Amino acid sequence: MEKVNVAVVGVTGAVGEKMLAILEQRNFPADRVDAVASARSAGRKVRFREHELEVQDLAGFDFSDTQIGLFSPGASVSKQYAPIAASQGCVVVDNTSQFRYDDDIPLVVPEVNAHQVSGYTTRGIIANPNCSTIQMVVALKPIHDAVGISRVNVATYQAVSGTGKEAIEELDLQTRKISGGEPVSCEVYPKQIAFNALPHIDVFLDNGYTKEEMKMVWETRKIMEDETLPVNPTTVRIPVVNGHSEAVHLELKEPLSASRARQLLANAPGICVLDRHEDGGYPTAVTEGDGSDAVYVGRIREDISHPRGLNMWVVSDNLRKGAALNSIQIAEILVREYL
């Protein structure tokens, strides 16, 4: 692949830091990498390869000599600056929620709908989906292609890193205070997150679902290219630092045995099947998900309550595959096939 210039926007955030690390780990064909963030982070130094990069102020950054912008600065910032970057000839891969639901902007998971990358030419922007959606659709794709899916019912168990660094710190502080017999305070989450489970991610909407839940509905339909696919999610925040887990229950259009499903999943790109009927024979966020690029699938079994039902447990690193890695995979397709 030919080398390109890359700007990582929001480089000092949790996802931005992962983007830099993954660019280096995958030996991305970058001729130059610029570290970009808000004015309050400008001047800081971040490590990339054998160099220290000085963080540049987004407000004054010129994208005209940058081919790819990896954006993760927050939706309101992307709303303002992604179109500016695109107008200067930079293709933006945006990790925020700002552009995901625009009909003329592709929403891409490379293992599922890589062909949609070609749609970047319309506005110069490609949207990266929500972390909980990404890992689920990677697991849905081979099943959907084989027999079709008539309904998705999913409950997620999401790590605090999905909220950000301040949430990780709150979990750590609450855990230490509880261990020491001290009272805890809640700043990031409305209720105690340590030793607890909160069935509430993002704001509540008029239909009683949260926005995080509706993201899974809207994004799954767009990525799977099936606007009528019924998706019923419940999203839960749990006291895990990194790595999301999901209990996925499918109603299929045709019956599918668990053994055939294992075979389909094992042969699909980006998936690692860990499904042994023994103690520990399943993936978990801490043991397998954290720090890994793969989407892990286990607990694959036929639904005893439905003749065409299939159940599975899906685990992935929400900062890697759920954000930074997926963005960089999109960028690799851009360099390899379009730029």
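Numbering of residues begins from 1 in every chain and follows the order in which that chain's sequence is written. For a predicted model such as this one, the threshold for reporting local features is a pLDDT of at least 70, and the threshold for listing and counting side-chain atom pairs is 80 or more; totals across whole chains, interfaces and linings nevertheless cover every residue. To get the side-chain values, all heavy atoms of the structure are used, and hydrogens and water are removed first.

Chemist: Describe the nonpolar core, and please don't skip the residues or the numbers.
Modeler: In plain words, nonpolar cores are sets of buried Ala, Val, Leu, Ile, Met, Phe, Trp, Tyr and Cys residues tied together by side-chain atoms within 4.5 Å. Each residue is placed in one exposure class: buried if its accessible area under a 1.4 Å probe, protein chains only, is under 20% of its type's maximum, exposed if it is over 50%, and partly exposed if it falls in between. Residues I143 and M312 are the most contacted members of the largest nonpolar core, which totals 54 residues. Secondary structure elements are defined from DSSP: runs of H or I of at least 4 residues count as helices, runs of E of at least 2 residues count as strands, and each element is numbered from the N terminus. It is helix α4 (residues 131-147) that provides the largest number of residues to this core, a total of eight residues. Contact partners of M312, with chain neighbours within four places excluded, come to A139, L140, E246, A247, V248, L250, L265, V297, G298, R299 and I300. Counting 37 residues, the second-largest nonpolar core is a separate cluster that includes A14, F48, L70 and V335. Here a residue-residue contact requires only that any non-hydrogen atoms of the pair lie within 4.5 Å.

Chemist: Could you give an account of the side chain of H244, naming the residues involved and the relevant values?
Modeler: With respect to the helices and strands, H244 occurs in strand β11 (residues 244-252). Residue H244 is classed as buried on the basis of its relative accessible area of 0%.

Chemist: Before we move on, could you go through the sheet that holds strand β9 (residues 149-158) and cite the residues and values that matter?
Modeler: Spatially, the six strands line up as an open sheet ordered β10-β9-β11-β14-β13-β12, and their pairing is mixed. In this open sheet, the two edge strands, each paired with only one partner strand, are β10 (231-237) and β12 (271-273). Across the sheet, the mean angle separating the axes of adjacent strands is 20° when strand polarity is ignored. For two strands to count as paired, DSSP must find a minimum of two bridges between them. Note that strand β13 (residues 295-302) and strand β14 (residues 309-316) share five bridges and pair antiparallel. Residue pairing in the sheet places R301 in a bridge with N311 of β14. A fitted line through C-alpha atoms serves as each axis, taken over the contacting stretch for helices, and the angle formed by two N-to-C directions is quoted from 0 to 180°. Most of the contacts of α4 go to β11, to which it runs at about 30°, and overall it touches β9, β11, β12, β13 and β14. Against the sheet, helix α6 (residues 211-224) touches β9, β10 and β11, its axis set at about 140° to β10.

Chemist: An account of the environment of D303 is requested, with residue identities and associated values reported.
Modeler: Take D303: it is sitting in the loop between β13 and β14. Within the structure, the side chain of D303 is placed 2.7 Å from the side chain of S305, a separation counted as a polar contact. Think of a polar contact as two N or O atoms within 3.5 Å of one another; within protein, one of them needs to be a possible hydrogen donor and the other a possible acceptor, and neighboring residues in sequence only count if both atoms come from side chains.

Chemist: Can you lay out the packing of aromatic side chains for me, pointing to particular residues and giving the numbers?
Modeler: Pairing of aromatic side chains here covers Phe, Tyr and the six-membered ring of Trp, requires ring centres within 6.5 Å, and sorts the geometry by plane angle: under 30 degrees stacked, over 60 edge-to-face, intermediate tilted. Within this structure, the stated rule accounts for five aromatic pairs. A centroid spacing of 4.8 Å and a plane angle of 75° characterise the contact between F61 and F63, whose relative ring orientation is edge-to-face. Geometrically, the ring pair formed by Y120 and Y338 is edge-to-face, given 6.0 Å between the ring centres and 70° between the ring planes. Residue Y120 is located in the loop between α3 (110-113) and β8 (125-127), and its partner Y338 is located in helix α9 (residues 320-338); the two are separated by 218 residues in the primary sequence. Residue classification places Y120 among the buried residues on the basis of a relative accessible area of 13%. For Y338, a relative accessible area of 30% corresponds to the partly exposed category. Through a chain of ring-to-ring contacts, the aromatic side chains of F61, F63 and F71 assemble into a single cluster.

Chemist: Describe the sheet that holds strand β5 (residues 56-57), listing the residues and the values that go with them.
Modeler: Ordered by their spatial adjacency, six strands build an open sheet running β5-β2-β1-β6-β7-β8, and the pairing between neighbours is parallel. Whereas interior strands pair on both sides, the edge strands pair on one side only; in this sheet they are β5 and β8.

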